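Residue strings, one per chain:
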Amino acid sequence: MTGLGVRSSSYGSLDKTGLYAVVLPIHTTTNRTKPSKMHKEREGFVHWICKFAGRKKVGMLLLFLISAVVFLRVLYAGKGEDGQEVQVPPSLHFNGTSHSILLPTNQNQNVNILGTNVILSPPIHFLGYTLPQRHPCHTFTLPPPPADRKRSGPRPCPVCYLPVQEAIALMPDAPSFSPLLKNLTYIHEDPLNTDTEFGGSDFGGYPTLKHRNHSFDFKETMNIHCGFVKGPQPGRNTGFDIDEADLLEMQQCRGIVVASAVFGTAASCDTYLISCCQFLCVSDEGSFSFPDAFDDVKAPKNISKHSEETVCFYMFVDEGTETILKRERGLNGNKKVGIWRVVVVHNLPYLDGRRNGKVPKLLVHRLFPNARYSLWIDGKLELVVDPYQILERFLWRKNATFAISRHYRRFDVFVEAEANKAAGKYDNASIDFQVEFYKKEGLTPYSVAKLPITSDVPEGCVILREHVPISNLFTCLWFNEVDRFTSRDQISFSTVRDKIAAKANWTVSMFLDCERRNFVVQRYHRAEQERIARRKPPVPNLSPPPPPPAPLPATPVLISSDLPRKVPSGRAGGTRPPRRRGRGRRSSPRGNRKANLPVL
């Protein structure tokens, strides 16, 4: 079963004359003016033709001349079209009804049709496309997983991407359609109203439950809470503050942005933590330590030259992580670590680094107001596929505006909540309170009755989205749930999704987790890397061995004939002369016997 949320529509087969095929009205004007003299002469000429057209020979001659003119006109127009080169992937099928005129660009064009100049407007919305029937990616199916009993956990699976140049050519020129919602604005409170039933923060505001219910009452124009409530411009004295030079640079990103974040975590103070004031951790023994960066900055791989020049790669870090990057990665005044543009965030709104990471993860459209598409990856992940290929495969080809992978094992919110409690991901009482609240609102365990929805639990470390009003609304409301309840965004995901889907023709596209693992590689958190490094055996000393000692002087080897013999009493000491052999030897009556060695 494929992902969710692909809006269905009819597909038509089109020629290769343009990327976006839309039916556009022909704008004509009528003027009620007095007929001119030339117009009267034309009417007289037409009347004369009709007078003689009734005759057989004259009528056939006129018909032949008209046919010849039309044929030559069509032939000339065909040659003119062949002279225009439009580079698009071959044999694509575009969404929509039957089309007669195709536009290769987004600009107005003057087209001459049988002598009439027609002004064609660019397409208003992206309508999607499908690959041709014989395209390798159209007929691609997942092979069965390899039979490896030693590896039973999650693993990547093959994904059929288009070549980078084809994916770049298929980037939509027009935004996708946003159902119901057309204009979305955000609440700015000065002074901040803290009167609410429960939850909220100084950064996200304190909306009441009544405000929460109104935010799910969708209209064409809406004004909602979406973080940064202290100021009208995100990053300027709102919490999660960013230097002015970085903010101006972020506003220049008008295409695709790849965003990630590495923040320090209070977990580095271990179980002795009493309080953690942003970066300074105080233990009960009175010692002080700066929490380490939660993850390392990982360099993307297999990025095309075009992506390096056109895609914005932004890494958000705190001041503690900045110090580590300066020490270990050579971060300097150019604010670059490889392809990443490093943005230092000041005045973090939360004490928990993982909760601070939810700001760029879910509110990236507020940080990059002019960007059209975004790809969020957690700091523990390494990007290994070009962003254009990823967006083409999971957004543009699916005609979706929001895509996320589903969890590789769990698909029920109740099961996910119990797993979070067992792993100590958050306070158990807070998780129970959130689940009970959603249960009273109608949350039920996942079952086949929810099909075609295939899961209620996402793997939220990767998010692909187009910045249109409906998807921006979804992430704002999702962030509000995270701000009000626990920071475990997997628990609140399905509630927000289902409330929007119940009132609008929109939902989330959820793809397989093994497909996600194809374009990102998961690495260990920094603390886990250091723990593994401590477990490894010491590296053997590879220095050359010392020279061998000088040889000792040779000692004589003793043989039996050199050993001292026992001398009878009365004789002088010394060796006994050797016995004579041959004739002078006395024979023994017992035959030949071995001579006994002397007793020492």
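This text follows the structure it describes.
What you are looking at is a predicted structure, and each value in this text was computed from that prediction instead of being measured.

Visitor: In this structure, what is going on with the overall build of the chain? I would like to understand it.
Guide: Of the regular secondary structure elements, the chain holds 17 helices and 23 strands. Counting across all 600 residues of the chain, residues that qualify as buried make up 42%. Carbon and sulfur atoms provide 55% of the accessible area of the chain, an area that totals close to 35,700 Å².

Visitor: Please clarify how the state of the cysteines should be interpreted in this entry.
Guide: Two cysteines, two sulfur atoms, one covalent bond between them: this is a disulfide. Scanning the entire structure with this criterion turns up four disulfides. In this model, Cys-157 is linked to Cys-514 through a disulfide, with the two sulfur atoms separated by 2.2 Å. Looking along the S-S bond of the Cys-157-Cys-514 disulfide, the torsion reads about 70°, which is the right-handed sense. Note that Cys-157 is positioned in the loop between β7 (129–130) and α3 (164–169) and Cys-514 in helix α16 (residues 513–519), a separation of 357 residues in sequence. In this structure, Cys-157 and Cys-514 share a single accessibility class: buried.

Visitor: What should I look at first to understand the pattern of salt bridges in this one?
Guide: If the charged atoms of two oppositely charged side chains come close together, the side chains can form a pair. Under the defined criterion, the tally for this structure stands at 21 salt bridges. In this structure, the salt-bridge partner of Glu-392 is Arg-397, at a minimum N-O distance of 2.7 Å. Linking Arg-393 and Glu-515 is a salt bridge whose minimum nitrogen-to-oxygen distance equals 3.2 Å. Residue Arg-393 is located in helix α11 (residues 387–396), and its partner Glu-515 is located in helix α16; the two are separated by 122 residues in the primary sequence. No difference in accessibility class separates Arg-393 from Glu-515, as the two residues are buried. Overlapping salt bridges, with partners in common, bring together Arg-212, Glu-441, Glu-481 and Lys-499 in one network.

Visitor: Help me out: how do you make sense of the packing of helix α13 (residues 428–440) against helix α15 (residues 489–501) in this one?
Guide: Two numbers describe a pair of packed helices, the interaxial angle and the distance between the axes. Where α13 contacts α15, the axes come no closer than 11 Å and their chain directions differ by 10°. Classified by the angle between their axes, α13 and α15 sit roughly parallel to one another. With respect to the hand of their crossing, α13 and α15 are arranged in left-handed fashion. For the pair α13 and α15, the contacting residues are Ile-431, Gln-434, Val-435 and Tyr-438 in the first and Ile-491, Ser-492 and Thr-495 in the second. Taken together, the residues of the contact of α13 with α15 break down into four nonpolar, three polar and no charged.

Visitor: Hey, could you run me through the packing of aromatic side chains in this one?
Guide: Aromatic ring pairs are defined here through the distance separating the ring centres and the angle between the ring planes. Taken as a whole, this structure holds 26 aromatic pairs when the rule is applied. Ring geometry for Phe-198 versus Phe-437: centroids 5.9 Å apart, planes at 75°, classification edge-to-face. You can see Phe-198 sitting in the loop between β8 (183–186) and α4 (209–215) and its partner Phe-437 sitting in helix α13, a full 239 residues away along the chain. A ring pair is formed by Phe-511 and Phe-519, whose centres lie 6.4 Å apart and whose planes are at 50°; its orientation type is tilted. Each member of the pair, Phe-511 as well as Phe-519, carries the same accessibility label: buried. Connected via pairs of aromatic rings, a cluster forms that spans Phe-198, Phe-433, Phe-437, Tyr-438 and Phe-485. Sitting over the ring of Phe-216, Lys-499 keeps its end group 5.2 Å from the ring centre. For the cation-ring pair, Arg-517 lies above Tyr-408, with the distance from its terminal atom to the ring centre recorded as 5.5 Å.

Visitor: Looking at this model, I keep getting lost on the packing of helix α14 (residues 469–484) against α15. Mind explaining?
Guide: It is the contact of α14 with α15, at a shortest axis distance of 9 Å, that shows an interaxial angle of 135°. It follows that α14 is oblique to α15 by the angle criterion. By crossing handedness, the relation of α14 to α15 is classed as right-handed. Between α14 and α15, the residues in contact are Ile-470, Phe-474, Leu-477, Trp-478, Glu-481 and Val-482 and Asp-489, Ser-492, Phe-493, Val-496, Arg-497 and Ile-500, respectively. Its residues assigned to classes, the contact of α14 with α15 comprises eight nonpolar, one polar and three charged.

Visitor: Would you explain the pairing of strand β21 (residues 458–466) in this entry?
Guide: Regular strands show a simple pattern: their side chains alternate between the two faces of the sheet. Counting buried residues along β21, nine of its nine residues qualify, which places the element largely inside the surrounding structure. Here five bridges tie strand β18 (residues 373–377) to β21, and the two strands are oriented antiparallel to one another. Bridged to Leu-375 within β21 is Leu-464.

Visitor: What should I look at first to understand the pairing of strand β15 (residues 312–317) in this one?
Guide: Of all six residues that make up β15, six are buried, and the element is covered over most of its length. Burial along β15 is two-sided: Cys-312, Tyr-314 and Phe-316 and Phe-313, Met-315 and Val-317, pointing in opposite directions, are all buried. Judged from the six bridges that link them, strand β11 (residues 256–262) and β15 form a sheet pairing that is parallel. Across the sheet, the residue bridging to Ser-260 is Met-315, located in β15. Bridge analysis of β15 against strand β17 (residues 340–346) gives four bridges, and the strand direction is parallel. Across the sheet, the residue bridging to Phe-316 is Val-343, located in β17.

Visitor: Is there a simple way to think about helix α12 (residues 413–422) in this case?
Guide: Since the α-helix packs 3.6 residues into each turn, any two residues three or four apart lie on the same face. Listed in full, the buried residues belonging to α12 are Val-413, Glu-416, Ala-417, Asn-420 and Lys-421. Each buried residue of α12 sits inside an arc of 140° when the element is viewed along its axis, so together they form one side. The opening residue of α12 is Asp-412, an N-cap whose side-chain oxygen sits 2.9 Å from the backbone nitrogen of Phe-414. Phi turns positive, to about 70°, at Gly-424, one or two residues after α12.

Visitor: Mind showing me how you'd approach unusual backbone geometry here?
Guide: Excluding glycine, a negative phi dihedral is what most residues carry, and trans is how most peptide bonds are arranged. Cis geometry marks the peptide bond from Asp-190 to Pro-191; its omega dihedral reads 5°. With respect to the secondary-structure elements, Pro-191 resides in the loop between β8 and α4. Geometrically, the link from Leu-451 to Pro-452 is a cis peptide bond, its omega value of 10° lying close to zero. Inspection of the secondary structure assignment puts Pro-452 in the loop between α13 and β21. Look at Asn-237: it is not a glycine, yet its phi comes out positive at around 60°. Overall, Asn-237 belongs to the exposed group, its relative accessible area being 68%.

Rules behind the numbers
- One numbering rule holds for all chains: residues counted from 1, following each sequence as written.
- Two thresholds apply to this predicted model, a pLDDT of at least 70 for residue-level local features and 80 or more for giving and counting side-chain atom pairs, whereas whole-chain, interface and lining totals are computed over all residues.
- With hydrogens and water excluded, all non-hydrogen atoms of the structure serve as input to the side-chain values.
- Secondary structure elements follow DSSP: runs of H or I of four or more residues count as helices, runs of E of two or more count as strands, with numbering from the N terminus.
- Note on exposure labels: buried denotes an accessible area under 20% of the residue type's maximum, exposed denotes more than 50%, and partly exposed covers the range between, all computed with a 1.4 Å probe on protein chains only.
- For the area figures, the Shrake-Rupley method with a 1.4 Å probe applies, and any residue is considered shielded solely by the protein chains shown.
- The disulfide criterion used throughout: a pair of cysteine sulfur atoms within 2.5 Å.
- What counts as a salt bridge is simple: a side-chain nitrogen of Lys or Arg found within 4 Å of a carboxyl oxygen of Asp or Glu.
- Axis angles are defined between N-to-C directions and span 0 to 180 degrees, where every axis is a line fitted to C-alpha atoms and, for a helix, only to the segment in contact.
- Between 65 and 115 degrees an angle is taken as roughly perpendicular, under 35 as roughly parallel, over 145 as roughly antiparallel, and anywhere else as oblique.
- Throughout, a crossing is termed right-handed when the near helix is turned clockwise from the far one, and left-handed when it is turned anticlockwise from it by less than a right angle.
- By definition, residues are in contact when any of their heavy atoms lie within 4.5 Å.
- Any residue outside Ala, Val, Leu, Ile, Met, Phe, Trp, Tyr, Cys, Pro, Asp, Glu, Lys and Arg is labelled polar, Gly included; the first ten of those are nonpolar and the last four are charged.
- When the centres of two rings from Phe, Tyr and Trp lie within 6.5 Å, Trp using its six-membered ring, the rings pair. Their planes under 30 degrees apart give stacked, over 60 give edge-to-face, and anything left gives tilted.
- The criterion is that NZ of a Lys, or CZ of an Arg, lies within 6 Å of the ring centre and within 35 degrees of the ring normal, and then a charge sits over that ring.
- Two strands qualify as a pair provided DSSP detects at least 2 bridges between them.
- What the arc measures is the spread of directions leading from the helix axis to the C-beta atoms.
- Identification of polar contacts relies on pairs of N or O atoms within 3.5 Å, with a donor-acceptor requirement for protein atoms, meaning one able to donate a hydrogen and the other able to accept it, and with residues adjacent in sequence counted only if both atoms are side-chain atoms.

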